[in-house]
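The residues making up each chain are set out below.
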Amino acid sequence: MHYTGTIWRPPYEASSMILEVTAGCTHHQCKFCTLYDDLPFKFRMTPIDDIEADLKEAKGQFRIWIGHKISRTFLTGANPFVLKASRLIEISDLIRRYFPTNQSIGCFSRITDITLKTDEELLQLKNAGYDGLTIGIETGDDEALTFMHKGYTLNDIVLQCQRLDRAGISYNFFYLTGVSGAGKGEAGAKKTAEVCNQLHPQIIGANMLTIYQNAELYEEIQKGNWKEESEIEKYRELKTLVEHLNIPVWFAAGGASNAIPIQGILPRDTKKVFCIYDRTCRKRKRLSKRCQ
């Protein structure tokens, strides 16, 4: 298989067939992100011949698993949805040729990738099987989006995801806990909830911001331009987000960056999530006092 660098996928795509169609990120400017720093280039499209060769190889491998059928494929790269609609449809046609049982195709997408598609193209992509996109909105806090160089605003998030809603393409959000900075997390969470409440994400997956020394954000911290939230602040931020969400959604904080894995269906499990966060904060406070 033609895999390039570290392969990233959401936890909920674990059972999907993983197919590389791009490598790297077209934006590659977010101050906190180091996910694709191991690549010698910013972004690259996988040649269609390589994609077909991988599908042939995968088909040969799956013959070993008698009775196993591929029902979903996840396309790798930071934002494969940036590809032209015609290219994405060509890829979906190839997938169906080799795996007729495949029902849907997911991938990461930036908000700006949706902007590049017409409404008609979005409908064509829905009919081609594209569904369950994963979008790293990070936050609905415009100040944080601008500072982190995300390349779009909260209004862009609402507008473009409403277009996905009209096309019938479902989507999931990644929320980055702590991205607003010290003293601003709860306000950022409320703004994010306001954005999400206007839309229909199936999943909101929360990841805690982890700052590496090779990230531009680390330099901003050293210059005194930004300050990281404490761990307790981050848990209060997450609780605030859950508290202000009033849409039916699967909330999950299950990635490796989350010290306490939490998941539940809101609003049914809201109280359970609150109890876990409150208990976690109390434990962290006790530990903090012991270390003083």
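Residues numbered from 1 in each chain as written. Predicted model: local features only at pLDDT ≥ 70, side-chain atom pairs only at ≥ 80, totals over all residues. Heavy atoms only, no water.

Engineer: Just checking my understanding: could you explain the packing of helix α4 (residues 119-127) against helix α6 (residues 154-167) for this structure?
Structural biologist: The relative placement of two packed helices comes down to the angle between their axes together with the axis-to-axis distance. Direction vectors running N to C along α4 and α6 enclose 55°, while the axes themselves pass 9 Å from each other. Put simply, α4 runs oblique to α6. The element α4 and its partner α6 pack so that their crossing is right-handed. Contacts from Asp119, Leu122, Leu123 and Lys126 in α4 reach Arg163, Leu164 and Ala167 in α6. Counted by class, the contact of α4 with α6 contains four nonpolar, no polar and three charged residues. (Axes fitted to C-alpha atoms, helices over the stretch in contact; angles between N-to-C directions. Helix = DSSP H or I, 4+ residues; strand = E, 2+ residues; numbered from the N terminus. Parallel < 35°, antiparallel > 145°, perpendicular 65-115°, else oblique. Left-handed = near helix turned anticlockwise from the far one by under 90°. Contact = heavy atoms within 4.5 Å. Nonpolar A, V, L, I, M, F, W, Y, C, P; charged D, E, K, R; others polar.)

Engineer: Just to check I follow, could you spell out the sheet that holds strand β8 (residues 203-208) for this structure?
Structural biologist: Two orientations exist for strands paired in a sheet by backbone hydrogen bonds: parallel and antiparallel. If you walk across this open sheet you meet the eight strands as β1-β4-β5-β6-β7-β8-β9-β10, and the pairing is mixed. Of all the strands in the sheet, the pair left with one neighbour each is β1 (17-20) and β10 (262-266). Neighbour-to-neighbour, the strand axes of the sheet open up by a mean angle of 25°, direction not taken into account. Here strand β5 (residues 104-109) runs beside strand β6 (residues 133-138); their pairing, made up of two bridges, is parallel. Residue pairing in the sheet places phenylalanine 108 in a bridge with threonine 134 of β6. Helix α9 (residues 231-244) rests against β7 (171-177), β8, β9 (249-253) and β10 of the sheet, and its axis sits at about 145° to β7. (Pairing = 2+ DSSP bridges.)

Engineer: How should I be thinking about the pairing of β5 in this particular structure?
Structural biologist: Each regular strand displays side chains that alternate between the two surfaces of the sheet. Counting buried positions along β5 yields six of six residues, so the element is predominantly enclosed. Because side chains alternate across β5, one face comprises the buried residues Ser104, Gly106 and Phe108, and the other comprises Ile105, Cys107 and Ser109, equally buried. Alignment of strand β4 (residues 72-76) against β5, held across four bridges, turns out to be parallel. Bridge pairing in β5 links arginine 72 to serine 104. Running through helix α2 (residues 85-98), the crossover from β4 to the neighbouring parallel element β5 is right-handed. (Buried < 20%, exposed > 50% of the residue type's maximum accessible area, 1.4 Å probe, protein only. Right-handed = clockwise from strand over helix to strand, strands pointing away.)

Engineer: Where do I start with the environment of leucine 199 in this structure?
Structural biologist: Its location among the elements puts leucine 199 in the loop between α7 (185-196) and β8. By relative accessible area, which is 1% here, leucine 199 ends up buried. If we ignore the near neighbours within four places in the chain, the residues touching leucine 199 are Ile157, Val158, Cys161, Gln162, Asp165, Tyr171, Phe173 and Ile247.

Engineer: Just checking my understanding: could you explain the packing of aromatic side chains for this structure?
Structural biologist: Pairs of aromatic rings are described using the distance from one ring centre to the other and the angle between the two planes. Under the criterion given, the structure shown has six aromatic pairs. Relative to phenylalanine 99, the ring of phenylalanine 62 has its centre 6.0 Å away and its plane inclined at 85°; by these criteria the two rings are edge-to-face. With phenylalanine 62 in helix α1 (residues 48-62) and phenylalanine 99 in the loop between α2 and β5, this pair connects stretches of sequence that are 37 residues apart. The residue whose ring lies beneath lysine 239 is phenylalanine 274, and the NZ or CZ to ring-centre distance is 5.3 Å. (Phe/Tyr/Trp six-rings, centres within 6.5 Å; stacked < 30°, edge-to-face > 60°. Lys NZ or Arg CZ within 6 Å of the ring centre and 35° of its normal.)

Engineer: Help me understand unusual backbone geometry in this model?
Structural biologist: Apart from glycine, the bulk of residues carry a negative phi angle, and the bulk of peptide bonds sit in the trans form. Leucine 266 connects to proline 267 through a cis peptide bond whose omega is 5°. Among the secondary structure elements, proline 267 is positioned in the loop between β10 and α10 (270-291). One non-glycine residue, glutamate 138, adopts positive backbone phi at about 70°. With respect to the helices, strands and loops of the structure, glutamate 138 is situated in strand β6. Accessibility expressed as a relative area gives 11% for glutamate 138, which makes it buried. Here histidine 149, not a glycine, exhibits a phi torsion of approximately 60°, which is positive. Mapped onto the elements of the fold, histidine 149 is located in the loop between α5 (142-147) and α6.

Engineer: I would appreciate a short explanation of the nonpolar core in the present structure.
Structural biologist: Side chains of nonpolar character tend, in soluble globular proteins, to be buried together. Core analysis: the largest hydrophobic core is formed by 64 residues, its most contacted members being Leu55, Leu75, Ile135, Ile157, Phe173 and Phe251. Not counting the four nearest positions on each side in its chain, leucine 55 is found in contact with Met17, Leu19, Leu94, Ile95, Tyr98 and Phe99. Cys30, Leu209, Leu217 and Trp226 belong to the second largest nonpolar core, which has eight residues in total. (Core = buried A, V, L, I, M, F, W, Y, C linked by side-chain atoms within 4.5 Å.)

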